[in-house]
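What follows is each chain in one-letter form.
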Amino acid sequence: MSKSHSIEIKEFPLWERLKAKSVPLSFDMEITARCNCNCRHCYINLPVGDRDAQARELSLAEIGDIAQQAVNLGAMWCLITGGEPLLRPDFAEIYTGLRRKGLLVSVFTNATLINEDHIALFKKHPPRDIEITVYGVTRETYERITRRPGTFDKFMRGMNLLLESGVRIRLKAMAIQSNLAEQDAIADFCRAYTKDFYRFDPQLHLRFDGNRECNKDIIAERLTPEQIIALEQADKERMRAMQKNCDTLIKDEFAHFGCDHLFHCGAGNGSFNVSYDGMFRLCSSLWAPPTLYDLRRGKLDDAWNHFVPKVRDMRSTRQEFLKTCRVCPLVNLCLWCPAHAHLETGEMDGATPYFCAVAKLRATTLRKTE
């Protein structure tokens, strides 16, 4: 069977029923793909001076219009992300514009561009929270990852400015080969400043734009399944959560096992993502062309109430997928999903051996600890 005929779209009343009672409570707004860092593992970053990327960015007015449409549909929370969102010279206007619409606003940033003006803005209009990724706790490790000299000192200054201002921050980390030796120190560092919250992500997915050279860096930075399990075993809180929740990560109303549907997650149920150039997506990782809706040409109401059900009703006719991943009992331990499959293979029902290997080793480890 050719790849072009492996996905079908059919009418399926279940999704119409779900859609009828679903509203988008939250949304992510990527206001730029550009970043002042060039992290080895990043799936989106483009250079600061990329004029084409900058020209394609949603304007302040377009962002405000989309946000108002989201509020009209019922949205209450917005995440501003990128790239590095603070690169936008109109960041303050974007941020306050969203706040004025009654939205709770969170911000993802690397903190290297935080200055006194940002602090004044956040003190006057407090965010729900600001989430910062910690790449390393030494200059050598941090800048090995960002590939930008001076970023460690800027990160520390920005984070300390936020802490001193009383703005609520959350710290997180990526676990990759370049900082693996510092993972314990990174965890201690993050927990010291955010005692109620800390998370790390040990699995990397590939670039949204398919850049081959960047994908080589990402693959080289991936931890082996054994390294991932060792990290997770060392984190007792994470292991307890996996033992408790590994069988409940997929919601019953979305699962309907035994069918040929691709989407069995919560993508497009209660939330959505808008890319820096105005593409509506069910989740931030979903870049398959048939799942994108251009908000510069259409309206959010149409995307949410008509396009989302069609995407969630996409099905596979590929037997290799239906007889393996689709019926795998380890799906809750696996990073496989249509979005990640597309990034890895170019197909939403493609096999992802790396994610599979991690899931199998997780299952073996959990069984031994029962």
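Everything discussed here concerns the structure shown above.
Residues numbered from 1 in each chain as written. Predicted model: local features only at pLDDT ≥ 70, side-chain atom pairs only at ≥ 80, totals over all residues. Heavy atoms only, no water.

Asks: In this structure, what is going on with a nonpolar patch on the surface? I would like to understand it.
Replies: Taken together, the side chains of Val23, Leu25 and Met76 make up a nonpolar region of the molecular surface, amounting to roughly 260 Å² of accessible area. Topologically, Val23 is positioned in the loop between helix H1 (13-20) and strand E2 (26-30). (Patch = residues over 30% accessible without salt bridge, like charges linked within 9 Å, V, L, I, M, F, W, Y side chains within 5 Å. Areas by Shrake-Rupley, 256 points an atom, 1.4 Å probe, with all protein chains shown as cover. Salt bridge = Lys/Arg side-chain N within 4 Å of Asp/Glu carboxyl O. Helix = DSSP H or I, 4+ residues; strand = E, 2+ residues; numbered from the N terminus.)

Asks: Which parts of the structure should I look at to understand the side chain of Arg326?
Replies: Mapped onto the elements, Arg326 comes out in the loop between helix H14 (319-322) and helix H15 (338-345). Buried within the structure, Arg326 lacks any salt-bridge partner; its nearest side chain of opposite charge belongs to Asp260, at an N-O separation of 7.2 Å. Reaching out from Arg326, the side chain makes a polar contact with the backbone oxygen of Cys259 at a distance of 3.4 Å. (Buried < 20%, exposed > 50% of the residue type's maximum accessible area, 1.4 Å probe, protein only. Lys, Arg positive; Asp, Glu negative; His and termini not counted. Polar contact = N/O pair within 3.5 Å; in protein donor to acceptor, adjacent residues only side chain to side chain.)

Asks: Would you mind showing me how to read unusual backbone geometry here?
Replies: A negative phi angle characterises most non-glycine residues, just as the trans form characterises most peptide bonds. A cis geometry characterises the amide bond from Gly82 onward to Gly83, with omega recorded as 15°. Locating Gly83 in the fold gives a position in the loop between strand E3 (77-81) and helix H4 (91-100). Positioned with a positive phi, Ala111 is a non-glycine residue whose angle comes to about 75°. Mapped onto the elements of the fold, Ala111 is located in the loop between strand E4 (104-109) and helix H5 (116-124). Residue Ala111 is classed as buried on the basis of its relative accessible area, which comes to 0%. If you check the backbone angles, Arg147 has positive phi at about 55° while not being a glycine. Structurally, Arg147 is set in the loop between helix H6 (139-146) and helix H7 (151-165).

Asks: For this particular structure, what's the right way to read the pattern of salt bridges?
Replies: When the charged atoms of two side chains with opposite charge come close together, those side chains can pair. Summed over all chains, the structure comprises 22 salt bridges. Salt-bridge contacts for Glu213 lead to Lys216; the nearest nitrogen and oxygen are separated by 3.4 Å. Placement of both Glu213 and Lys216 in helix H9 (residues 212-221) is noted, with a separation of three residues, approximately one turn of the helix. The class for Glu213 is exposed, based on a relative accessible area of 52%. Between Arg297 and Asp294 there is a salt bridge; the shortest N-O distance is 3.8 Å. Judged by relative accessible area, which is 77%, Arg297 ranks as exposed. Judged by its relative accessible area of 24%, Asp294 falls in the partly exposed class. Look at the salt bridges and you will find they share partners, linking Arg34, Glu57, Arg88 and Asp90 into a network.

Asks: Sorry if this is basic, but what is going on with the environment of Ser106 here?
Replies: Following the sequence through the fold, Ser106 ends up in strand E4. Overall, Ser106 belongs to the buried group, its relative accessible area being 1%. With 63 residues separating them along the chain, Ser106 and Ile169 place their C-alpha atoms 9.8 Å apart. If near-sequence neighbours (up to four positions away) are discounted, Ser106 is found in contact with Trp77, Cys78, Leu79, Ile80, Arg128 and Asp129. (Contact = heavy atoms within 4.5 Å.)

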